[in-house]
Amino acid sequence: MSSKQYDFVVIGSGVGGCGVAALLAKDFGKKVLVLEKAPHIGGRVASYTGKGNHVTIDGLELDATSFRKSLADSRCWVGYCEPDLKTLFEKGLLDGRTFENGGHGLFWGNKSRCHLLLDYLGEPVDMPTNKGLGFVDPNNNYAIYQVKPRDAYPWMTKEGFAATLNALRDMGKLSMEECAAAMHTDLETWLAEKHLNPEAYDYIKVVAACQTAMAEPKLTPAGDFLGYMAMARDIGMNLHTGSVATVAEPGCMAIPLAMERALKNAGGEIWRRTPVEEVMIEGGKVRGVIVRTQKGEYQSIDASHVICNIPPKHIFGVLHPRHFPAEWVNKLQNKWWSAGLLTSYIGLKKNIWEAKGVDERSFIWMPGVIKHEGYIGAVDMVIWNMAACAKRAPQGKGDFLFSTALTDVEMRNPQKVRRVIDFCMDWFKRTFTDWRENVEFVMWTPSDEAYGNWRPIGEDRPEVKSPYVDGLYFVGDQYGERLWGGGVDGASLCAVMCADSIMGTDLEFQIFPPYHRGIPKKAKTW
């Protein structure tokens, strides 16, 4: 078992792992190695582009069988496919199309934390956003509206709309100190204290589900959601222009790939297909890692620092629990939960929204489509055509994405998943009556951890610097007591926070404007 020496070993190549690795190599000249067990980098960010009867990802060509395996690497699977997946590939129906392994919430586009970090690394990636907002009203026979900026919402009463605007303005005035104070409060309790108009409450609940992938306000840490609301004025974006963003071919994979280029340009490395068997810890201090090479051999890699880019519930696959307090281990393994996403990818031959009076670039809400059927909350759908905003489909063609947030437990229940799919497909076929002539294929991909692992209400995120093992750090969208938000943008902020924690620097303040930074530190108590 031979040994190699590095300053830093990063386990996992998600946005957080690739981001902190690139920073340490570029800004500080550190010798950095990123280890990824999957054949491709990116972690939960996985994008595919059709090439004939295959799809590609990170330089790999996949057939239908290997595509299923690739989805599994990011905790995703095919829940429904029409025609069946094998036929879909054999007929080349995905040719020229770029799609994700599910829904990726790239909030704020080119004004996002992620974009700012990539700019700083010298590897910018264009992230175009939606252009417009639509609404499908389940309470009015599923009427479809194009919501005009500054106009009253047509599905609301005059009083409800006024109350909604007042609530949004109040949240927009919150300071980050006030957001920080609400981190241990669930959103339902926080909203109840405001005595909101019912229409305003329902609207804000849907916005929260969209931004946090949590359909039930009782599960949502209020501070995480309020951060999005508090920064809206300063960032100069709204739901019409910044609900969601995407990336042209090769898709959101362009983000970790750009970070890899920055890392390699600074002398760093990424090893794919190299799972870590165990982090070596002796006397309470990191010594390195043991990996299994592509030849099936075990190899030790010495490093004074190890950074885990692994979701909190899964870190003990490489970290032996004996090195940590039993209470902490139990909390992460048994009390943390995961936010999942159920997403469709429907290939269209043409624009089907124009006949409905809706700009196909719009982000469209369809809330409360399933209620009182045993889900943790009401099922709220969002809809978007990514190919209308970025080059992700052959000329003249488009796509149609449904997406909804379900818990990890719900996502592992085939009956609950199928109930949502059946509802959406039935609505789609009733609404777009010429669908048979316009739809080339339908594919639904559930993921039980699409938006990562979330802490229970009242708990802090684990800090990026381990208090139990010297030289051990964590990075990702759910690490860092000052972190707020999640997903790609949360991971981008954490990458910078992790580098600052290790090196004693203030890159967070150099790279991000005040509204993108972490929440204020807790006041010290004696």
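Keep in mind that what you see is a predicted model, and the values were worked out from it rather than measured.

A.B. asks: How should I be thinking about the packing of aromatic side chains in this particular structure?
C.D. replies: For any pair of aromatic rings, geometry is given as the distance between the ring centres together with the angle between the planes. Counting across every chain of the model gives 36 aromatic pairs. Their ring planes at 35° and their centres at 5.4 Å tell us that Phe 324 and Trp 328 sit as a pair that is tilted. Judged by centre distance (5.7 Å) and plane angle (10°), the ring pair of Trp 353 and Phe 400 falls under stacked. Here the residue Trp 353 occupies a position in the loop between strand E14 (337-348) and strand E15 (363-370), and Phe 400 occupies one in strand E17 (residues 398-407), the gap between them amounting to 47 residues. Summarising the burial analysis for this pair, Trp 353 and Phe 400 share the class buried. Ring pairs connect the aromatic residues Phe 135, Tyr 145, Tyr 153, Trp 155, Phe 161, Tyr 203 and Trp 365, which therefore count as one cluster. If you follow Lys 26 out to its NZ or CZ, it ends over the ring of Tyr 120, 4.5 Å from the centre. Sitting over the ring of Trp 190, Lys 194 keeps its end group 4.4 Å from the ring centre.

A.B. asks: What is the right way to read the sheet that holds strand E7 (residues 98-100) from this model?
C.D. replies: Strand-to-strand pairing in sheets goes through backbone hydrogen bonds, with the strands running parallel or antiparallel. Taken in spatial order, the four strands of this open sheet run E5-E4-E3-E7, and their pairing is antiparallel. Whereas interior strands pair on both sides, the edge strands pair on one side only; in this sheet they are strand E5 (60-62) and E7. In this sheet, adjacent strand axes meet at a mean angle of 35° when their direction is disregarded. Where strand E3 (residues 47-51) meets E7, three bridges bridge the pair, whose relative direction is antiparallel. Across the sheet, residue Tyr 48 finds its bridge partner in E7, namely Phe 99. Its contacts with the sheet place helix H2 (residues 64-73) against E3, strand E4 (54-57), E5 and E7, and it is angled at close to 115° to E5.

Definitions and cut-offs
Residues numbered from 1 in each chain as written. Predicted model: local features only at pLDDT ≥ 70, side-chain atom pairs only at ≥ 80, totals over all residues. Heavy atoms only, no water. Phe/Tyr/Trp six-rings, centres within 6.5 Å; stacked < 30°, edge-to-face > 60°. Helix = DSSP H or I, 4+ residues; strand = E, 2+ residues; numbered from the N terminus. Buried < 20%, exposed > 50% of the residue type's maximum accessible area, 1.4 Å probe, protein only. Lys NZ or Arg CZ within 6 Å of the ring centre and 35° of its normal. Pairing = 2+ DSSP bridges. Axes fitted to C-alpha atoms, helices over the stretch in contact; angles between N-to-C directions. Contact = heavy atoms within 4.5 Å.

From the geometry alone we can't say anything about function, so treat these as descriptive.
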